[in-house]
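# Overview (structure and organization)
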Amino acid sequence: MRRQQRVVTSATVGAADGHGTTFDTLRYIATCRDPTHAHGAHPMRSGFQASFFALVGLHGLHVAVACWLVVMVGQICAYGSDARVRTNLFRLGLFWHLLDIVWIAIFPVVYLQENIG
Amino acid sequence: MSDRTHELCTYAIGYILSLVLTAAAFGMVHWPSFGARAIFGTVLALGLVQMAVQFRCFLHISLNRSSRHDLQLILSPR
């Protein structure tokens, strides 16, 4: 893989994770500012809020650390366009697109259902 | 058309279709023109269409002879 290709591929993988991290940050801010939690969006307030904050925080940490993506970028930099690196990239792509499909369901069911109407 | 071009076209078409379907769902909620239940139902339906698009364009799962075997692997309960 040429140097330019390595940079573009690594940047694309990084951008994918950047989007995930941005989403989680916005979700955290939105939760804290939610008017229905005006009297304190607080993990100590209820079982629901405790689990919600734990879930959002852990997911944020999970996306921010992004072990698989970091390893992938490392492999691209170390081995270039190895056949195995290509296969791994393809697998990462399949995994990422499968996550997308799960999120298509999560968005309306979790975030819209309660707030519409 | 070469394999590479064909592959890129598939991803591009999937991307555009996904964007259009997402924009349609957001638009329906942002500018509501009928009842909440109907809007929610339509959003779910748009989501199902988008799932089909992404399975087809991004995950290479279709009803073609060559890929039907993979589809069976996913759908079969075993």
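Here the structure is a predicted model, which is why all the values come from computation and not from measurement.

## What about the overall build of chain A?
Within chain A one finds four helices and zero strands. If you list the helices and strands of chain A from N to C, you get α-α-α-α. Over its C-alpha atoms chain A spans a radius of gyration of 18 Å, topping by over 25% the 13 Å that the globule rule assigns to 117 residues. For the C-alpha atoms alone, the extent of chain A along its principal axes is close to 55 × 25 × 20 Å. Scored against the burial criterion, the 117 residues of chain A give a buried share of 4%.

## Description of the overall build of chain B
Each helix and strand in chain B was counted, giving three helices and zero strands. Secondary structure elements of chain B, listed N to C terminal, follow the sequence α-α-α. Of all 78 residues assigned to chain B, the portion counted as buried reaches 12%. Across chain B, every contact between residues at least 6 apart in sequence was considered, and the portion connecting residues at least 24 apart equals 48%.

## Quick notes on the interface of chain B and chain A
Contact with chain B, which involves 13 residues of that partner, is made by 12 residues of chain A. Top contributing element to the side of chain B that touches chain A by residue count: helix α2 (residues 36–57) of chain B, with 10 residues. Considering only residue class, the side of chain B that touches chain A consists of 10 nonpolar, three polar and no charged.

## Here we look at the confidence of the model for chain B
Per-residue confidence for chain B gives a mean pLDDT of 84; residues scoring 70 or more make up 81%. For chain B, the element scoring lowest by mean pLDDT is helix α3 (residues 65–75) of chain B, at 62; α2 of chain B scores highest, at 93.

## Looking at the environment of Gly 47 of chain A
Along the chain, the position of Gly 47 of chain A falls in helix α2 (residues 47–65). Expressed as a C-alpha distance, the spacing of Gly 47 of chain A and Ala 30 of chain A, which sit 17 residues apart in the sequence, is 19 Å.

## Considerations on unusual backbone geometry
Phi is positive for Ala 66 of chain A, which is not a glycine, with a value near 50 degrees. Ala 66 of chain A sits in the partly exposed class, given 18 other C-beta atoms within 10 Å.

## Some points on the confidence of the model for chain A
Where the model shows low pLDDT, its predicted coordinates should not be examined in detail. Here chain A averages 82 in pLDDT, and 91% of its residues register 70 or above. Put simply, α2 of chain A is where chain A has its lowest mean pLDDT, 83, and helix α3 (residues 67–79) of chain A is where it has its highest, 87.

## A look at the packing of helix α1 (residues 3–33) of chain A against α2 of chain A
Residues and elements named next belong to chain A. At their nearest, the axes of α1 and α2 sit 9 Å apart, and the two run at 160 degrees to each other. Comparing their axes, α2 and α1 come out roughly antiparallel. You can see that α1 and α2 cross each other, and the crossing is left-handed. The residues of α2 that touch α1, namely those facing Asp 17, Gly 20, Thr 21, Asp 24, Arg 27, Tyr 28 and Thr 31, are Val 56, His 59, Gly 60, Val 63 and Ala 64. A per-class count over the contact of α1 with α2 returns four nonpolar, five polar and three charged.

## Looking at α2 of chain A
For α2 of chain A, spanning 19 residues, the distance from its first C-alpha to its last is 27 Å, which sits close to the expected 27 Å at 1.5 Å a residue. Immediately beyond the C-terminal end of α2 of chain A, within one or two residues, lies Ala 66 of chain A, with a positive phi of roughly 50 degrees.

## Some words on the packing of α1 of chain A against α3 of chain A
All names here are of chain A. Contact pair α1 / α3: the axes reach a minimum separation of 10 Å and the direction vectors enclose 175 degrees. Accordingly, the angle class assigned to the pair α1 and α3 is roughly antiparallel. Every residue of α3 that contacts α1 at Arg 6, Thr 9, Ser 10, Val 13, Gly 14 and Asp 17 is listed here: Leu 69, Met 72, Val 73, Ile 76 and Cys 77.

## Some details on the environment of His 42 of chain A
Residues and elements named next belong to chain A. The residue His 42 is located in the loop between α1 and α2 in this model. On the neighbour-count criterion, His 42 (12 C-beta atoms within 10 Å) is exposed. For the pair formed by His 42 and Val 7, sequence separation is 35 residues and the distance between their alpha carbons is 42 Å.

The rules behind these values
Residues numbered from 1 in each chain as written. Chains lettered and ligands numbered in written order. Predicted model: local features only at pLDDT ≥ 70, side-chain atom pairs only at ≥ 80, totals over all residues. Helix = DSSP H or I, 4+ residues; strand = E, 2+ residues; numbered from the N terminus. Rg over C-alpha atoms; globule rule 2.2 N^0.38 Å. Buried ≥ 20, exposed ≤ 12 C-beta atoms within 10 Å, placed from the backbone. Contact = placed C-beta atoms within 7 Å. Nonpolar A, V, L, I, M, F, W, Y, C, P; charged D, E, K, R; others polar. pLDDT = per-residue confidence, 0-100. Axes fitted to C-alpha atoms, helices over the stretch in contact; angles between N-to-C directions. Parallel < 35°, antiparallel > 145°, perpendicular 65-115°, else oblique. Left-handed = near helix turned anticlockwise from the far one by under 90°. Expected span 1.5 Å × (residues − 1).

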